[in-house]
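Below are the chains, spelled out letter by letter.
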Amino acid sequence: MLDRSCIEAIDPLLEILDGKWTLPLLLELFVGTRRFGELRRRLHPISPKTLTDRLRVLEEKGIITRTLYPGVPLHVEYELTERGWELQPIFAAMWAWVKENDLNANKKNQL
């Protein structure tokens, strides 16, 4: 049984994952390293400001790294850190739970 200390302990993780675009962004990075423009296309209709904000938060929290490649044209790549990769089993467990509990079917039936 979970107690209050467990809930308080996972609160920082929930703060990292908060935001409409954070989970889709992380799922894109689980596939591999991505450039800003590539992320923007794949996450359409995310705004550049929102994408930048989400990327900054994930970088500050040590979930992703940002690598700037000088030259013409200048480009930036984002990839998961080891800490970021450690989130993958959490997402897999949540996905398995949703499938086991048939939540997507229930959502479709409500529409």
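Our structure is the block above this text.
The following paragraphs examine the structure supplied in this document. (Residues numbered from 1 in each chain as written. Predicted model: local features only at pLDDT ≥ 70, side-chain atom pairs only at ≥ 80, totals over all residues. Heavy atoms only, no water.)

## Considering the packing of helix α2 (residues 22–31) against helix α4 (residues 48–60)
For any two helices packed against each other, one specifies the crossing angle of their axes together with the interaxial distance.
Item 1. Running from amino to carboxyl end, α2 crosses α4 at an angle of 70 degrees, the nearest separation of the two axes being 11 Å. Relative to α4, the element α2 is oriented roughly perpendicular. Pair α2 / α4 crosses with right-handed handedness. Residue-level contacts link Thr-22, Leu-25 and Leu-26 of α2 to Leu-51, Arg-54, Leu-55 and Leu-58 of α4.
Item 2. Taken together, the residues of the contact of α2 with α4 sort by class into five nonpolar, one polar and one charged. (Axes fitted to C-alpha atoms, helices over the stretch in contact; angles between N-to-C directions. Helix = DSSP H or I, 4+ residues; strand = E, 2+ residues; numbered from the N terminus. Parallel < 35°, antiparallel > 145°, perpendicular 65-115°, else oblique. Left-handed = near helix turned anticlockwise from the far one by under 90°. Contact = heavy atoms within 4.5 Å. Nonpolar A, V, L, I, M, F, W, Y, C, P; charged D, E, K, R; others polar.)

## A short note on the pattern of salt bridges
Item 1. Per the counting criterion, the structure on display carries six salt bridges.
Item 2. In this structure, Glu-8 engages Arg-4 in a salt bridge whose closest nitrogen and oxygen atoms are separated by 3.5 Å. In this pair, Glu-8 and Arg-4 are both assigned in helix α1 (residues 4–17), four residues apart and thus about one turn of the helix distant. The pair Glu-8 / Arg-4 is uniform in exposure class, with both members exposed.
Item 3. Between Glu-38 and Arg-42 there is a salt bridge, and its shortest N-O distance comes to 3.7 Å. Of this pair, Glu-38 and Arg-42 both sit in helix α3 (residues 36–42), separated by four residues, roughly a single helical turn.
Item 4. Judged by relative accessible area, which is 46%, Arg-42 ranks as partly exposed.
Item 5. Here the residues in one salt-bridge network are Glu-28, Arg-34, Glu-38 and Arg-42, joined through shared partners. (Salt bridge = Lys/Arg side-chain N within 4 Å of Asp/Glu carboxyl O. Buried < 20%, exposed > 50% of the residue type's maximum accessible area, 1.4 Å probe, protein only.)

All quantities given are derived from atomic positions and should not be read as evidence of function.
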